[in-house]
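Per-entry structural report
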Amino acid sequence: MKVLLTGGTGYIGSHTAVCLMQSGHEPVLFDNLSNSKKDVVQAIARITGKEPAFVEGDIRSKTLLEDVLRRHEIDAVIHFAGLKAVGESCEKPLLYYDNNIAGTVCLLEAMKACAVGKLIFSSSSTVYGTPSALPLTEDMPTGTPTNPYGRTKLMIEEILQDLCRADPGFSAVCLRYFNPIGAHESGLIGEDPNGIPNNLLPYVARVASGKLEYVRVFGNDYPTPDGTGVRDYIHVVDLARGHVAALDYAQTHAGWEAVNLGTGRGTSVLEMIAAFEKACGKKLPYRILPRRAGDIAANWCSPEKAHRLLGWKAQYGVEEMCASSWKFEQLHS
Ligand code: NAD
Ligand code: UD1
């Protein structure tokens, strides 16, 4: 299939582009480079032996999107493009609603105009809000995300549900990612956030490379086995494989589906630090700080639906996630 990847040069988009190419699909990367670099296109070419098509542009430009959808004869869209910094979304909510919500509506209008009726959407476990029970399954009601970023994910899921009700031929698969980490085994692509990382793993990697002094552990008084927050970390390459499986599914199924992509296993902050210490072969200093506002104690998913519907299962554990993240950090320090 010819697949448009909005946000295609980003962290998850670039890994998915590699996976799609290795599965015989043809991705077209579309990105405004607001949070990624064009060099990623060459890195993908080094991994796959072929340079994917790249268009620099913004999803809020309908004319450009329509032109790309027609010119490349696109069959399906994987929609990664979006802003994702939780703190920034609280400071600049309109920016998030414009970029994520208005951008998605614009993309959907362009798809309609060009008769492209298959979409895979990057959703998030944040749509569940504070879990009432674990593991999280897709039939549990969605909750109230604690920030505007999270609310954009929930709203887009709902927009897609409405669209599928109005147009029964449309296919929308919302992939609810748990905590994607790690990097491609080549070390050529990975997550390289600007400034001080908000997320745990990129922060730990920078402590390991000496760029930051110590890991800040946000709270050790949660009702979890060691008191620190528990999350379902998933290797970005497994996540990428999940998109290829979802695309295969969308080819033969119309309608709206939400699918968790996680391992089904929870790991605490202290366990992640220990796993990274093993990967990098050194002790990592950390300090216990107060809880971070908006954090939940624990979440992990049931990956059963992904297995049943998409035939997908995560293959990697935290060891491989930390080892690949460390390799990427060393090559990009
Ligand atoms: P990323 O920032 O690396 O990738 C997103 C890409 O979208 C970037 O390359 C950015 O330049 C591009 N982009 C943003 N706004 C755009 C616009 N208006 N027009 C065109 N391009 C635009 O982030 P990622 O981690 O790869 O995340 C991809 C998607 O997955 C996002 O929608 C994110 O919200 C979602 N998600 C990510 C995580 C995570 O932990 N990384 C978890 C859950 C959901
Ligand atoms: C966060 C976002 C979520 C987003 C996800 C991926 C919040 C409330 N949620 O999830 O919407 O989809 O990132 O981008 O921000 N931690 C530390 N020290 C750190 C950083 C994190 O102890 O320096 C802890 C956190 O308290 C948490 C765990 O590590 O228990 C994971 O945090 P993080 O990587 O930021 O992901 P989430 O908070 O799960």
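Residues numbered from 1 in each chain as written. Chains lettered and ligands numbered in written order. Predicted model: local features only at pLDDT ≥ 70, side-chain atom pairs only at ≥ 80, totals over all residues. Heavy atoms only, no water.

**Things to note about the site of ligand 1**
The condition is simple: Working definition: residue near molecule or strand if any one of its non-hydrogen atoms lies within 4 Å of it. Polar contacts here mean pairs of N or O atoms no more than 3.5 Å apart (in protein, one a potential hydrogen donor and the other a potential acceptor; neighbouring residues in sequence count only if both atoms are side-chain atoms). Calculation of accessible area relied on Shrake-Rupley with a 1.4 Å probe; when residues are assessed, cover is drawn exclusively from the protein chains displayed. Starting at the N terminus, helices and strands are each numbered in turn, a helix being any DSSP run of H or I of at least four residues and a strand any DSSP run of E of at least two. Residues are grouped as follows: Ala, Val, Leu, Ile, Met, Phe, Trp, Tyr, Cys and Pro are nonpolar; Asp, Glu, Lys and Arg are charged; all remaining types, including Gly, are polar.
Of all residues adjacent to ligand 1, which total 26 residues, the nearest are Asp31, Asn35, Ser36, Phe80 and Lys84. Taking lysine 84, its side chain carries an N or O atom lying 2.7 Å from an oxygen atom of ligand 1. Within the complex, the protein chains bury 95% of what would otherwise be the 810 Å² of accessible surface of ligand 1. Looking at the shell around ligand 1, the elements with two or more residues in it are helix H1 (11-22), strand S5 (118-124) and helix H6 (148-166). The residue makeup of the shell around ligand 1, split by class, is nine nonpolar, 12 polar and five charged.

**Structural notes on the sheet that holds strand S2 (residues 26-31)**
Rule in force here: Whether two strands pair comes down to DSSP finding at least two bridges between them. Throughout, an axis means a line fitted to C-alpha atoms (over the contacting stretch in the case of helices), and angles, computed between N-to-C directions, take values from 0 to 180 degrees. Whether two residues touch is decided by their heavy atoms; if any such pair falls within 4.5 Å, the residues are in contact.
An order of S3-S2-S1-S4-S5-S6-S11 is seen for the seven strands of this open sheet, with the pairing classed as parallel. Strands with a single pairing partner mark the edges of an open sheet, and in this sheet they are strand S3 (53-56) and strand S11 (255-261). The sheet shows a mean angle of 20° between the axes of neighbouring strands, taken without regard to direction. The strands touched by helix H3 (residues 62-71) are strand S1 (2-6), S2, S3 and strand S4 (76-79); relative to S2, the strand with the most contacts, the crossing angle is about 170°.

**Structural notes on the environment of proline 193**
Tracing the chain through its elements places proline 193 in the loop between strand S7 (179-181) and helix H7 (200-208). Each C-alpha atom of the pair proline 193 and isoleucine 288 lies 23 Å from the other, and the pair is 95 residues apart in sequence. When sequence neighbours within four positions are dropped, the list of residues in contact with proline 193 reads Pro202 and Arg206.

**Section: the environment of glutamate 213**
Its location among the elements puts glutamate 213 in the loop between H7 and strand S8 (215-218). Those residues within four positions of glutamate 213 in sequence are excluded, and the remaining contacts are Val207, Pro285 and Arg287.

**Quick notes on the environment of alanine 250**
Tracing the sequence through the fold places alanine 250 in helix H8 (residues 236-252). Sequence separation between alanine 250 and valine 173 is 77 residues; the distance between their C-alpha atoms is 7.3 Å. Non-local contacts of alanine 250, meaning those with residues more than four positions away in its chain, are made with Lys118, Ile120, Ser171 and Val173.

**Examining the site of ligand 2**
For ligand 2, the set of nearby residues contains 18 residues, the closest of which are Leu200, Arg216, Arg231, Arg292 and Asp295. Side-chain polar atom of arginine 292 to an oxygen atom of ligand 2: 2.8 Å apart, as the coordinates give it. At 2.6 Å from an oxygen atom of ligand 2 is found a side-chain nitrogen or oxygen belonging to aspartate 295. Within the complex, the protein chains bury 89% of what would otherwise be the 740 Å² of accessible surface of ligand 2. Ranked by the residues each element gives to the shell around ligand 2, the list is headed by S8, at three residues. Among the residues making up the shell around ligand 2, the classes are represented as seven nonpolar, seven polar and four charged.

**Focus: the pattern of salt bridges**
When the charged atoms of two side chains with opposite charge come close together, those side chains can pair. Keep this limit in mind: For this document, the term salt bridge refers to a Lys or Arg side-chain nitrogen within 4 Å of an Asp or Glu carboxyl oxygen.
According to the stated counting rule, one finds 19 salt bridges in the structure shown. Across the pair aspartate 58 and arginine 60 runs a salt bridge whose closest N-O atoms are separated by 2.9 Å. A salt bridge links aspartate 192 to arginine 206; its shortest N-O distance comes to 3.3 Å. Placement of the pair is aspartate 192 in the loop between S7 and H7 and arginine 206 in helix H7, with a sequence separation of 14 residues.

These figures come from the coordinates and say nothing about function on their own.
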